[in-house]
Amino acid sequence: MAGSGTDHLRAPQDALIRCENLVVEFPVGKSGLKVHAVSDISIDAKPGETLGLVGESGCGKSTTGRALMQLPRPTGGRVLYQGRDLVQLPGAELRQLRPEMQMIFQDPISSLNPRRRVFDIVAEPLRIWKRASGAELTERVNRTLENVGIDPAVADRRPHQFSGGQCQRICIARALVLEPKVIICDEPVSALDVSVQAQILNLLEDMKATYKLTLVFIAHDLAVVKNVSDRVAVMYLGKLCEVAPPDDLYANPAHPYTAALLSSIPVPDPRIRPSEENVLGGEIPSPIAPPSGCRFRTRCPRAQDMCAQVEPKMRQIGLGHYVACHFPLEATGPKPGAAQLAAKRAAVPARPVAPPRPPGTQAF
Amino acid sequence: MSRKVVSGPDAPGRDPNAPLLRVVDIKTHFKTERGTVRAVDGVSFQLDRGRTIGIVGESGSGKSVLSRSVMGLLPGRNVIREGHVVYEGIDIVGFDSHQMRNIWGSEMSMVFQDPMTSLNPVKKIGRQITESLHEHLQMDKQEANDTALALLSSVGIPEPAARLEEYPHQLSGGMRQRVVIAIALACGPKILFADEPTTALDVTVQAQILNLLQQQQHERHMAMILVTHDLGVVAGRSHEIAVMYAGKIVEHAPTNSLFANVRMPYTEALLNSIPRLEYMSHTRLDIIGGRPPDLIRPPRGCSFAPRCRYAQPRCIEEEPPLMEGDQPGHTYRCWYPVGSPENLEAYQRNIVAGRTATGAPVEAPVTIDAGGRF
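Residues numbered from 1 in each chain as written. Chains lettered and ligands numbered in written order. Predicted model: local features only at pLDDT ≥ 70, side-chain atom pairs only at ≥ 80, totals over all residues. Heavy atoms only, no water.

*Asks:* For the overall build of chain A, give the residues involved together with the corresponding values.
*Replies:* In terms of helices and strands, chain A carries 11 helices and 12 strands. Split into buried and exposed, the 364 residues of chain A put 57% on the buried side. Summed over its atoms, the accessible surface of chain A is roughly 14,500 Å², and 53% of this surface lies on carbon and sulfur atoms. (Helix = DSSP H or I, 4+ residues; strand = E, 2+ residues; numbered from the N terminus. Buried < 20%, exposed > 50% of the residue type's maximum accessible area, 1.4 Å probe, protein only. Areas by Shrake-Rupley, 256 points an atom, 1.4 Å probe, with all protein chains shown as cover.)

Right under this line is the structure:
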């Protein structure tokens, strides 16, 4: 894995946001060494699509998300937004595009200014961009707050008077108020309790429909990513392993790393014994001196000599399903994770899909 | 002060045939400026040798306070702790910290959530492990070092001899948690408290650490109390599960019975709100509306009633006691338990009314499955 290549990208005119051969490196003090945070990653998202980026800590998923926003500008590669290369764009022109691209962060409480009232927090983008004032400003802020399930009557309170889940709703309102086209969600539910997590995931789905958003959803929890994504990219140590539609990825993981990730998820069902043999040994290597060839080879059960020599490229193995591996797992037959996954699927009946609820309503 | 008050085989009152740990109606309240927070409000359970109990709950449910209260690790001031913690026949609630020192480490020990803050950053790992070996087992330096080496290799740390001379910041999160586990296991405790031991770790490392805990527990015939917010973590790794809500156990059952036959609406709601790999993507998740109650002024009736879709007038008035289910050892606090005809009736009443007795809105479900349950 851990390969490069651009075979998995769709036609440039179809993508709203697309990055090609993205490289982000950070210097290590004055030693001359570099942290290879993101190494040659290419991803794209069509309008209205949710792209899920998943991987363990240190795999570069947050850095990728921030590089898309030019925070900071990447070391190399291109980031195309509606066909324009943001990396080459002068600062003033980039700033004009900022209202169309917003971010939601992991910790909702620390990403809100504790000294400001919720109304002012959500109104600030409108004031900065002079999009509204007076009664119209109030109306737009209140409507956005209502959409995310916050009663505008409490908008004169400050963030500490709200719970974590409500603060995340306020962050979402702040991101939505300018009616952006793209929102980068960086671990938006990792700091929340499971019951609140479900509320926020449902809210993001509703808001995506209401505001016709394109989302880049970054998370370490595969089940969460599967729930919201239209396409999932698995990352490891600054490289892409596998890109696929979520249901296919989870049913037929082709990359050994994806299979290992899937089998390490604890399942809330005692009939499924936690697997002992598929647990990945060792730890993620240092991004300062990443392994040669395939970066996953040091922990890969299928690694051969070739993996140390030649870096695998992204190649297609199914409809919309791409993998960067010299020895991918077969879609049928015995493979790590597959039997367990099949057992999981058999054990839990499929649940009916409820129709979308109008935004802002909570039901039991 | 005599050493080994409880640890010695001849300690007065100590009965090796008694249940390992019996917690009887323990309460832990904190005095604050706003009033008394009833963090743990009457919890009882029993733990036998070599068994694992999973304690599950959301933030603020009292699960961490419970484990600290049982171990006597509470701040000295502004705490009210009542009830009994009976360890091998001896009630240790009245013990002062000098007496507890004979229990901490050698009889019970704890693995905390964050391995960075639970290790001392300015002491070498070797010294942190040997500290309790000197203290409890009176080992000399050489013996303690050899034991520390053996412990580190048993928890799967590569090059253990070199690690003894390192500081915590030189290790990764997973390796640090292995060191914390080695320290906790050093004096051969009979009970290991693991308070969210894997919450700060990545999912692949989480699997490694959970397997390690299970293997060590098996080898040492140790009992374990696994505290977590993740039902997935305890599902495959505990003999029984206690679900906590607002400082109380609201459902307690053998693990298989809990998942196969959920009775408490809160447990059901918690299970339904977890996104699962088996669901197709974009599956609508069931949510639990509202927020947990204020533990300073808990509601009069059932504490979950304001968020429960089955809530009836009785739930607001009367607090349900822990009731026995049909399955042995399965208890729950609910007047209208999930899966019962009363529950179905209550739910239908609420759907017709469009709201529960507490005024929370209820929507009709989309489909009814073959089992007759919604």
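*Asks:* Could you give an account of the interface of chain B and chain A, naming the residues involved and the relevant values?
*Replies:* On the side of chain A, 57 residues touch chain B, which itself brings 56 residues to the contact. Across the chain B/chain A interface, buried area totals approximately 5,300 Å², and carbon plus sulfur atoms make up 54% of it. Among the residues of chain B in contact with chain A, Leu277, His282 and Arg284 of chain B are the three that bury the most area, contributing 17% of the side total. Linking chain B with chain A are one salt bridge. A salt bridge links arginine 284 of chain B to aspartate 206 of chain A; its shortest N-O distance comes to 2.9 Å. The interface formed by chain B and chain A holds 18 residue pairs in polar contact (both at pLDDT 80 or more) in total. Per-element accounting of the side of chain B that touches chain A gives the leading share, eight residues, to helix α8 (residues 203-220) of chain B. A per-class count over the side of chain B that touches chain A returns 23 nonpolar, 21 polar and 12 charged. (Contact = heavy atoms within 4.5 Å. Buried area = accessible area lost by both parts, 1.4 Å probe. Salt bridge = Lys/Arg side-chain N within 4 Å of Asp/Glu carboxyl O. Polar contact = N/O pair within 3.5 Å; in protein donor to acceptor, adjacent residues only side chain to side chain. Nonpolar A, V, L, I, M, F, W, Y, C, P; charged D, E, K, R; others polar.)

*Asks:* Can you lay out the domain arrangement of chain B for me, pointing to particular residues and giving the numbers?
*Replies:* Residue and element names in this part refer to chain B. Splitting chain B by domain gives domain 1 (21-238) and domain 2 (244-353). The distance between the C-alpha centroids of domain 1 and domain 2 comes to 30 Å. Listed by partner, the interface residues are 27 residues for domain 1 and 20 residues for domain 2. A buried area of about 1,800 Å², summed over both sides, lies between domain 1 and domain 2, and 60% of it is on carbon and sulfur atoms. Summed over the shared surface of domain 1 and domain 2, the number is two salt bridges. The interface formed by domain 1 and domain 2 holds seven residue pairs in polar contact (both at pLDDT 80 or more) in total. The set of elements that each furnish at least two residues to the side of domain 1 that touches domain 2 consists of β2 (35-47), β3 (52-56), α1 (63-71) and α9 (231-235). When residues of the side of domain 1 that touches domain 2 are assigned to their parent elements, the largest contribution, 11 residues, is made by β2. (Domains from an automatic or database assignment.)

*Asks:* Got a sec to walk through the side chain of arginine 176 of chain B? Specific residues and values, please.
*Replies:* Along the polypeptide, arginine 176 of chain B turns up in helix α7 (residues 173-185). Not counting the four nearest positions on each side in its chain, arginine 176 of chain B is found in contact with Pro115, Met116, Leu119, Pro168, His169 and Leu171 of chain B.

*Asks:* How would you explain the sheet that holds strand β4 (residues 76-81) of chain A if you had to name every residue and give the values?
*Replies:* Residue and element names in this part refer to chain A. In space, the four strands of this open sheet follow the order β2-β1-β4-β5, with antiparallel pairing throughout. Whereas interior strands pair on both sides, the edge strands pair on one side only; in this sheet they are β2 (34-45) and β5 (84-85). Strands in contact with helix α1 (residues 61-68) are β1 (17-27), β2 and β4; relative to β1, the strand with the most contacts, it is inclined by about 115°. (Pairing = 2+ DSSP bridges. Axes fitted to C-alpha atoms, helices over the stretch in contact; angles between N-to-C directions.)

*Asks:* Can you break down the pairing of strand β1 (residues 21-32) of chain B residue by residue, with the values?
*Replies:* Residues and elements named next belong to chain B. Here eight bridges tie β1 to strand β4 (residues 79-87), and the two strands are oriented antiparallel to one another. Residue pairing in the sheet places histidine 29 in a bridge with isoleucine 80 of β4. Two strands pair when backbone bridges link them, and β1 and β2 are joined in this way by 10 bridges, in the antiparallel orientation. Bridged to phenylalanine 30 within β2 is valine 37.

*Asks:* Can you explain the confidence of the model for chain B? Please cite residues and give values.
*Replies:* Caution applies to low-pLDDT regions: their predicted coordinates should not be interpreted in detail. Residue and element names in this part refer to chain B. Here chain B shows a mean pLDDT of 89. Residues at 70 or above account for 94%. Confidence drops under a pLDDT of 50 for residues 1-5, and excluding neighbours within four residues, the segment shows 10 contacts in the predicted structure. Throughout residues 367-374 the model reports pLDDT below 50, and contacts reaching past four residues in sequence, or to other chains, amount to 11 contacts. (pLDDT = per-residue confidence, 0-100.)

*Asks:* Describe the side chain of glutamate 166 of chain B, listing the residues and the values that go with them.
*Replies:* Residues and elements named next belong to chain B. Mapping glutamate 166 onto the fold places it in the loop between α6 (160-163) and α7. Glutamate 166 sits in the buried class, given a relative accessible area of 18%. Excluding residues that lie within four positions of it along the chain, glutamate 166 makes contacts with Lys124, Ile125 and Leu171.

*Asks:* Which residues make up the packing of aromatic side chains, and what are the values?
*Replies:* Scanning the entire structure with this criterion turns up seven aromatic pairs over all chains. Measuring from ring centre to ring centre gives 5.3 Å for tyrosine 245 of chain B and phenylalanine 304 of chain B, while their planes differ by 85°; the resulting arrangement is edge-to-face. With tyrosine 245 of chain B in strand β9 (residues 240-245) and phenylalanine 304 of chain B in the loop between α11 (265-272) and α12 (313-317), this pair connects stretches of sequence that are 59 residues apart. Take phenylalanine 304 of chain B: its relative accessible area is 2%, and that puts it in the buried class. Joined through ring pairs, the aromatic side chains of Tyr236, Tyr257 and Phe296 of chain A make up one cluster. A cation sits over an aromatic face here: arginine 314 of chain B above tryptophan 335 of chain B, 3.6 Å from the ring centre. (Phe/Tyr/Trp six-rings, centres within 6.5 Å; stacked < 30°, edge-to-face > 60°. Lys NZ or Arg CZ within 6 Å of the ring centre and 35° of its normal.)

*Asks:* With reference to specific residues and values, describe the nonpolar core.
*Replies:* By size, the foremost hydrophobic cluster in this structure holds 72 residues, and its most contacted members are Ile181, Leu192, Leu231, Tyr266 and Phe304 of chain B. Per element, the largest residue contribution to this core is seven residues, and it comes from α7 of chain B. The residue makeup of this core includes at least three contributed by each of domain 1 (21-238) and domain 2 (244-353) of chain B. Listed in part, the 71 residues of the second largest apolar core include Ile104, Leu126, Ala244 and Tyr250 of chain A. (Core = buried A, V, L, I, M, F, W, Y, C linked by side-chain atoms within 4.5 Å.)

*Asks:* How would you explain the sheet that holds strand β12 (residues 331-332) of chain B if you had to name every residue and give the values?
*Replies:* All names here are of chain B. Pairing within the open sheet is mixed, and its eight strands lie in the order β6-β7-β8-β3-β9-β10-β12-β11. Each edge of the sheet is formed by a strand with only one pairing partner; in this case those strands are β6 (108-111) and β11 (323-324). Here β3 runs beside β9; their pairing, made up of four bridges, is parallel. Within the sheet, the bridge partner assigned to valine 56 lies in β9 and is valine 243. Running over the sheet, α11 touches β3, β9 and β10 (248-254) and is turned about 100° from β9.

*Asks:* Let's hear about the packing of helix α4 (residues 125-137) of chain B against α7 of chain B: which residues, and what values?
*Replies:* Residue and element names in this part refer to chain B. Viewed as axis vectors pointing N to C, α4 and α7 meet at an angle of 20°, and their least axial separation amounts to 8 Å. By the criterion of interaxial angle, the relationship of α4 to α7 is roughly parallel. Relative to α7, the crossing made by α4 is right-handed. Within the contact between the two elements, α4 uses Ile125, Gln128, Ile129 and Ser132 and α7 uses Val179, Ala182 and Ile183. Considering only residue class, the contact of α4 with α7 consists of five nonpolar, two polar and no charged. (Parallel < 35°, antiparallel > 145°, perpendicular 65-115°, else oblique. Left-handed = near helix turned anticlockwise from the far one by under 90°.)

*Asks:* Explain the packing of helix α5 (residues 164-176) of chain A against helix α6 (residues 194-211) of chain A to me, and be specific about the residues and the numbers.
*Replies:* All names here are of chain A. Two numbers describe how α5 lies on α6: the axes approach to 10 Å, and their chain directions differ by 15°. Taken together, the axes of α5 and α6 lie roughly parallel to each other. You can see that α5 and α6 cross each other, and the crossing is right-handed. Mapping the contact onto sequence places Gly165, Gln168, Arg169, Ile172 and Leu176 in α5 and Val196, Gln199, Ile200, Leu203, Leu204, Met207 and Tyr211 in α6. When the residues that make up the contact of α5 with α6 are grouped by side-chain class, the tally is eight nonpolar, three polar and one charged.

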